[in-house]
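This is what each chain is made of:
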2 protein chains.
Amino acid sequence: MKGLEIIKRNAVQIISEEELNKKMENGKKLKIKLGADPSRPDLHLGHTVVLRALKEFQKMGHEVIFVIGDYTGMIGDPSGKNKTRPALTFEETRKSGETYFKQVTKILDKEKTRIAYNSEWLSKLNLKEVIELTSKYTVARILEREDFKNRYENNLPLSIHELLYPLMQGYDSVALKADIEIGGTDQTFNLLVGRELQKEFSQEPQIVITFPLLVGLDGKNKMSKSLDNYIGIDEKPEIMYEKAMKIPDECLLQYYQLTTDMDLEKVKTLIEEDILLAHRKYAREIIKIYHGEEYVKDAENRYDTVAKGGIPEDIKEIFLKEKEINICDLLVKVEFATSKSEAKRLIMGNGVKLDNKTVENIHFIVNIEEEKILRVGKSKFVKVKNE
Amino acid sequence: MKGLEIIKRNAVQIISEEELNKKMENGKKLKIKLGADPSRPDLHLGHTVVLRALKEFQKMGHEVIFVIGDYTGMIGDPSGKNKTRPALTFEETRKSGETYFKQVTKILDKEKTRIAYNSEWLSKLNLKEVIELTSKYTVARILEREDFKNRYENNLPLSIHELLYPLMQGYDSVALKADIEIGGTDQTFNLLVGRELQKEFSQEPQIVITFPLLVGLDGKNKMSKSLDNYIGIDEKPEIMYEKAMKIPDECLLQYYQLTTDMDLEKVKTLIEEDILLAHRKYAREIIKIYHGEEYVKDAENRYDTVAKGGIPEDIKEIFLKEKEINICDLLVKVEFATSKSEAKRLIMGNGVKLDNKTVENIHFIVNIEEEKILRVGKSKFVKVKNE
């Protein structure tokens with residue numbers, strides 16, 4: 001299965017399918033737009049849902065354009081309400097664009113992928129043009145956006161400049177003359193603004209295709225790095241394997257559907273007959289996609305050893321100058337914790353073992369004149385030894 | 001009575017009076033802003049309410065700035081919804097500014113009156129600055145404006161650009177560093193936006209002073225040229241006299257209050273004792289203000305003659321080439337009607353007389369080989385004659 005079929009299989013909405021078929025048949029090279037945050041991405045399987053659709057479009061010869069929202073990124077949030085949106089410098093936004101390109105071209109075709117910065121056209125707009133742009137949309141329609149509506153109706157602050165953002169994002173489609181814009185279902189409203197604005201600017205309106213948001217390993221929230229419920233596409237094979245085994249059973253089919261090309265009918269049968277094997281097969285598949293088939297066996301062996309309580313063969317060794325070291329300092333030193341307070345939390349959660357014995361005291365002093373095996377969680381191991 | 005007293009007597013709101021007193025006491029030359037439409041004005045008594053307040057400020061040494069909204073005037077209404085707001089050219093807005101100056105300096109001191117065009121600063125705003133400006137105001141607060149609220153709540157179209165207008169008007173105060181802005185009560189919301197924005201831009205907020213809207217001769221609507229319920233400050237003494245006599249009795253006190261300096265206690269007594277004389281005195285007063293005392297007597301005599309059904313002595317004579325002419329064409333020719341259809345309406349309303357005989361037929365042919373007196377309404381007369 002490939003091309004439009006995969007795209008249509010996974011899409012939640014295509015507005016409109018008729019127009020899409022028509023554009024595809026006409027044989028022209030199309031511009032497929034995807035909006036991207038100016039913050040630097042760390043791609044995980046959640047991102048791959050739309051990236052895989054984009055790849056299919058590229059295989060059919062079309063061009064993919066990532067629009068980095070650097071213009072608003074450089075402004076930040078002037079109302080000061082959104083603290084996660086500090087102003088970025090020109091250099092920072094360019095750097096995030098480069099990182100974006102590097103990351104997405106792990107999946108996409110370099111030749112058919114372009115990064116565009118919306119400051120290119122937005123910085124040229126003057127007040128007259130802003131007025132013309134905003135005259136094309138009514139207050140009532142913009143307040144239909146769920147989050148705006150809720151804030152307005154619940155008397156939470158909603159500044160006028162926030163209404164301008166969807167219009168600017170929509171204007172990106174006008175500036176690029178986008179043929180198709182794709183995104184997660186949470187972007188539907190913004191994508192449709194682009195479509196409406198193109199009509200107002202006498203352009204052929206873009207086709208809007210939305211995809212489901214992949215649920216994270218917690219089975220509840222959308223996959224995201226900040227919730228630590230993700231499988232990164234850059235993670236090591238053994239980590240991928242272990243995480244794949246943790247996907248909630250009821251979510252596994254969605255993972256197969258949205259992140260692999262495998263035949264869903266066969267997958268359904270497998271899940272019903274042998275859920276463990278279904279997890280294993282999924283783990284093997286994503287390692288194959290992001291690392292290569294040759295990495296599957298080792299990752300699987302390691303997983304099995306650890307699962308049986310064993311210690312894998314290929315543990316990293318670290319030599320330290322100290323003869324004695326506090327357990328928390330040690331955890332930070334070997335990079336199993338990013339801070340002493342994280343280290344304390346790990347110990348207090350009974351997640352830290354020394355030579356297979358759980359460490360209970362955060363003040364414990366480890367003697368490493370003799371080699372010790374330090375373990376965090378199920379699968380993080382390291383040998384520590386005095387030099 | 002003069003100065004602050006007159007201003008305070010007539011003001012509906014002063015926000016705040018304490019701040020006003022403080023600014024006045026500090027002795028600095030203040031900038032008093034008044035927003036003006038870019039369409040060419042034809043001043044009537046309604047306008048004089050604020051102009052008289054401005055004059056008092058000038059007498060106290062302050063500077064009056066008329067801000068001509070040429071920037072939006074040049075854009076027109078891009079949504080195409082407001083047909084009374086077609087785009088104007090640069091030349092047109094400059095011409096209206098000059099006309100404005102000429103008209104208002106009939107009342108105001110030329111030396112202390114300035115015209116400013118808001119394109120001077122608004123045309124320089126880019127999208128970034130527009131976003132910063134709009135971040136300073138919430139949607140909820142702007143939708144408190146009565147007309148916005150009504151349209152939004154009744155599902156009538158309200159485009160986003162319309163929300164920008166009050167902010168732009170408010171930004172005018174920021175750009176000018178206005179100390180005081182005055183306007184009619186219908187402008188209260190917009191004036192307060194200016195005050196709020198100045199605070200956001202770390203300026204001392206302008207004092208807002210609003211004045212009542214003078215009711216028109218119909219006793220119902222605000223005085224306006226388009227409703228033909230006005231007394232123009234350029235009108236001839238005899239027309240002023242006649243119109244003044246038509247002011248509804250119950251409105252006369254307001255006319256005295258808002259458009260003259262006369263003692264209101266005495267006026268109240270006069271109105272109670274002799275309403276006709278109260279009208280006459282008002283008529284005399286406005287002729288005195290806008291033409292001079294020497295014009296009062298003639299205007300009064302003419303009014304009295306006409307009131308008794310007589311024909312005034314000083315009728316204009318017009319000589320035509322034709323010997324015969326259709327009554328409607330004649331009305332247009334002598335400028336008693338601006339079109340044939342207006343002429344028809346005048347005839348059908350029994351408002352047209354020829355030698356004191358009402359004309360009933362719109363196809364009537366007037367023979368002007370002999371001089372005829374044409375009369376429209378009570379007081380428009382002309383002698384027409386073949387050359």
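As the structure is a prediction and not an experimental result, all values here were calculated from the model.

## So, the relation of the copies chain B and chain A
Here's step 1: After a rotation of 178° and a shift along the axis of 0.0 Å, chain B superposes on chain A with an RMSD of 0.5 Å. Look at the turn and shift together and you get a two-fold axis relating the two. If distances are taken from each C-alpha of chain B to the rotation axis, the shortest is found for Asn-126 of chain B, at 1.9 Å.
Here's step 2: Taken together, the interface assignments show that 100% of the residues at the interface of chain B recur at the interface of chain A, consistent with an identical surface on both copies.

## Structural notes on the confidence of the model for chain A
Here's step 1: For chain A, mean pLDDT is 87; residues scoring 70 or higher make up 96% of the total.
Here's step 2: Quick note on the complex model: pTM equals 0.75, ipTM equals 0.71.

## A few points about the pattern of salt bridges
Here's step 1: Taken as a whole and assessed by the stated rule, the structure comprises 53 salt bridges over all chains.
Here's step 2: In this structure, Arg-195 of chain A engages Glu-19 of chain A in a salt bridge whose closest nitrogen and oxygen atoms are separated by 3.0 Å. Taken together, the residues span a long stretch of sequence, with Arg-195 of chain A in helix α11 (residues 188-200) and Glu-19 of chain A in helix α2 (residues 17-25) at a distance of 176 residues.
Here's step 3: A relative accessible area of 27% places Glu-19 of chain A in the partly exposed class.
Here's step 4: Glu-132 of chain B is paired through a salt bridge with Lys-128 of chain B; the nearest N and O atoms lie 3.2 Å apart. Within this pair, Glu-132 of chain B and its partner Lys-128 of chain B are both found in helix α7 (residues 127-134), separated by four residues, close to a single helical turn.
Here's step 5: For Glu-132 of chain B, a relative accessible area of 28% corresponds to the partly exposed category.
Here's step 6: Through salt bridges that share partners, Arg-280, Arg-284, Glu-300 and Asp-304 of chain A make up one connected network.

## Re the packing of aromatic side chains
Here's step 1: Counting across every chain of the model gives eleven aromatic pairs over all chains.
Here's step 2: A ring pair is formed by Phe-66 of chain A and Tyr-100 of chain A, whose centres lie 5.6 Å apart and whose planes are at 45°; its orientation type is tilted. Note that Phe-66 of chain A is positioned in strand β3 (residues 63-68) and Tyr-100 of chain A in helix α5 (residues 90-104), a separation of 34 residues in sequence. For the pair formed by Phe-66 of chain A and Tyr-100 of chain A, the shared burial category is buried.
Here's step 3: Here the aromatic rings of Tyr-256 of chain B and Tyr-282 of chain B are separated by 5.2 Å at their centres, their planes lie at 70°, and the arrangement is edge-to-face. Of this pair, Tyr-256 of chain B sits in helix α13 (residues 252-259) while Tyr-282 of chain B sits in helix α15 (residues 275-290); the two residues are 26 residues apart in sequence, bridging distant segments of the chain.
Here's step 4: The exposure class assigned to Tyr-282 of chain B is buried, which follows from its relative accessible area of 0%.
Here's step 5: Through a chain of ring-to-ring contacts, three or more aromatic side chains come together here, namely Tyr-255, Tyr-256 and Tyr-282 of chain A.

## A few points about helix α12 (residues 237-246) of chain B
Residues and elements named next belong to chain B.
Here's step 1: Of all ten residues in α12, seven are buried, a share of seventy percent or more.
Here's step 2: Along α12, the residues classified as buried are Pro-237, Met-240, Tyr-241, Glu-242, Lys-243, Ala-244 and Met-245.
Here's step 3: Packing partners of the buried residues in α12 comprise α15 and α16 (296-307).

## Some thoughts on the pairing of strand β13 (residues 380-386) of chain A
Each regular strand carries side chains that alternate between the two faces of the sheet.
Residues and elements named next belong to chain A.
Here's step 1: Sheet topology note: the strand β7 (residues 317-320)/β13 ladder contains four bridges and is parallel. Paired with Phe-319 across the two strands is Lys-385, which belongs to β13.
Here's step 2: Alignment of strand β12 (residues 372-376) against β13, held across five bridges, turns out to be antiparallel. Paired with Leu-374 across the strands is Val-382, a residue of β13.
Here's step 3: Once β12 ends, the chain turns through three residues before running back antiparallel as β13, passing Gly-377 with a positive phi of about 65°.

Definitions and cut-offs
Residues numbered from 1 in each chain as written. Chains lettered and ligands numbered in written order. Predicted model: local features only at pLDDT ≥ 70, side-chain atom pairs only at ≥ 80, totals over all residues. Heavy atoms only, no water. Least-squares fit on C-alpha atoms with pLDDT ≥ 70 in both. Contact = heavy atoms within 4.5 Å. pLDDT = per-residue confidence, 0-100. Salt bridge = Lys/Arg side-chain N within 4 Å of Asp/Glu carboxyl O. Helix = DSSP H or I, 4+ residues; strand = E, 2+ residues; numbered from the N terminus. Buried < 20%, exposed > 50% of the residue type's maximum accessible area, 1.4 Å probe, protein only. Phe/Tyr/Trp six-rings, centres within 6.5 Å; stacked < 30°, edge-to-face > 60°. Pairing = 2+ DSSP bridges.

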